[in-house]
Amino acid sequence: MIDKLEFFIALAQERHFGRAAELCGITQPTLSAAIKQLEDQLGVMLVNRGSRYQSLTPEGQRVLEWARRIVGDTRTMHEEMRAARRGLVGHIRLAAVPTTLAMVPRITGPFQEKHPEVTFSVLSTTSLKILGLLENLEIDAGLTYLENEPLGRVTSVPLQVERYHLVTAAGTPLSDRETVTWKEVGGIRLCLLTADMQNRRIINQHFAEAGVTVSPTLESNSMIVLFSHVRTGHWASIMPYNVGKSFGFHDDIRLIPIVEPDAQHTVGLVATHREPFTPLVSALLHEARILAEAQTFR
């Protein structure tokens, strides 16, 4: 039953029998047979399908909620028993919005010193994608914005307040200023994160409040790409101070606070709320709370 529920979760995620089978490491006929057996066991049709996958039935949507809960609880049970035998071991899957990537080592570093048998994988993605990955049990936790857009039923640990700065090369427009306004920044050549990023939606909102419409001449989902273009002197960008600082200070780069308004937005660690948490997620949340209490992150 657990295997079938995991196959069903994969099908709901991929919306395609072939891709779901590949994700599960089985053949498509095996996955199709397992879904059919699950339908027979439950006595309801779960999937609308003709020659291919179409959608979940209303019963399928409800079973999906149960499947996520049951599979999540089963994984928690396995992790607890493994931790009882061997201590904390395993793999933690993290996803982070680009502006929080510089913060990740401040969690993973101390965590791995305490628990050397735990490994990590880190994915850079959008805030909306992080919520979907959490819901589908594809990641264990995410680093994202805690305000502005709904998070759903998650446990969150605030870690840092973003304050926005103009990042520009020395000798370029506005580079000699102590502060700049959002309206002034709207008048220069910018490279910004892509529109699917919440950081970009926040920036657009502040420009709109200042009565400015901005059309950047370069967009990317990578902060490294943006910073490398800033260094050419042909573009400026808008980044949280901690992100600009993470690239190292250079005499040829200026980080200038943007005011009117002096915008602040909180980012932190989120994990799907459940009782109990898996031992790995529980330890990760504990490490995040230690970080949150550190003076430098207030």
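Bear in mind the structure is a predicted one, so any value in this text is a computation, not a measurement.

Asks: Help me understand the packing of helix α1 (residues 2-14) against helix α3 (residues 28-42), please; the structure alone is not making it clear to me.
Replies: Between two packed helices, the angle of one axis relative to the other and the distance separating the axes together describe the packing. Packing of α1 against α3 leaves a shortest axis separation of 9 Å and a crossing angle of 110°. When the interaxial angle is binned, α1 and α3 end up roughly perpendicular. In this structure, α1 meets α3 at a crossing whose hand is left-handed. Across the interface between the two elements, K4, L5, F7, F8 and L11 of α1 pack against L31, A34, I35, Q37, L38 and Q41 of α3. Across the contact of α1 with α3, the residue classes tally to eight nonpolar, two polar and one charged.

Asks: Sorry if this is basic, but what is going on with the layout of surface pockets here?
Replies: Empty space among the atoms becomes visible once a probe the size of a water molecule is rolled across them. Approximately 480 Å³ is the volume found for the largest pocket. Around the largest pocket sit 16 residues that line it, and R68, R153, T272, H273 and R274 are the ones nearest its centre. When residues of the lining of the largest pocket are traced back to their parent elements, those giving at least two are α4 (58-86) and α6 (127-135). Taken together, the residues that form the lining of the largest pocket break down as five nonpolar, three polar and eight charged.

Asks: What should I look at first to understand the packing of aromatic side chains in this one?
Replies: Two measures describe an aromatic ring pair: the distance that separates the ring centres and the angle between the ring planes. The final tally for this structure, using the stated rule, is four aromatic pairs. Both rings, one in F17 and one in Y53, keep their centres 6.3 Å apart while their planes meet at 65°; by these two values the pair is edge-to-face. With F17 in helix α2 (residues 17-24) and Y53 in strand β2 (residues 53-56), the pair connects residues that are 36 residues apart, well separated along the chain. Take F17: its relative accessible area is 9%, and that puts it in the buried class. An aromatic cluster of three or more residues is present, and its members are Y164, W182 and F207. Positioned above the aromatic ring of W66, the side-chain terminus of R69 is 4.4 Å from the ring centre.

Rules used in this analysis
- Residues numbered from 1 in each chain as written.
- Predicted model: local features only at pLDDT ≥ 70, side-chain atom pairs only at ≥ 80, totals over all residues.
- Heavy atoms only, no water.
- Axes fitted to C-alpha atoms, helices over the stretch in contact; angles between N-to-C directions.
- Helix = DSSP H or I, 4+ residues; strand = E, 2+ residues; numbered from the N terminus.
- Parallel < 35°, antiparallel > 145°, perpendicular 65-115°, else oblique.
- Left-handed = near helix turned anticlockwise from the far one by under 90°.
- Contact = heavy atoms within 4.5 Å.
- Nonpolar A, V, L, I, M, F, W, Y, C, P; charged D, E, K, R; others polar.
- 1 Å grid on protein atoms, 1.4 Å probe; cavity = no way out; pocket = protein on both sides within 12 Å on 5 of 7 lines; lining within 4 Å.
- Points joined across faces, edges and corners; volume = space filled by probe spheres on them.
- Phe/Tyr/Trp six-rings, centres within 6.5 Å; stacked < 30°, edge-to-face > 60°.
- Buried < 20%, exposed > 50% of the residue type's maximum accessible area, 1.4 Å probe, protein only.
- Lys NZ or Arg CZ within 6 Å of the ring centre and 35° of its normal.

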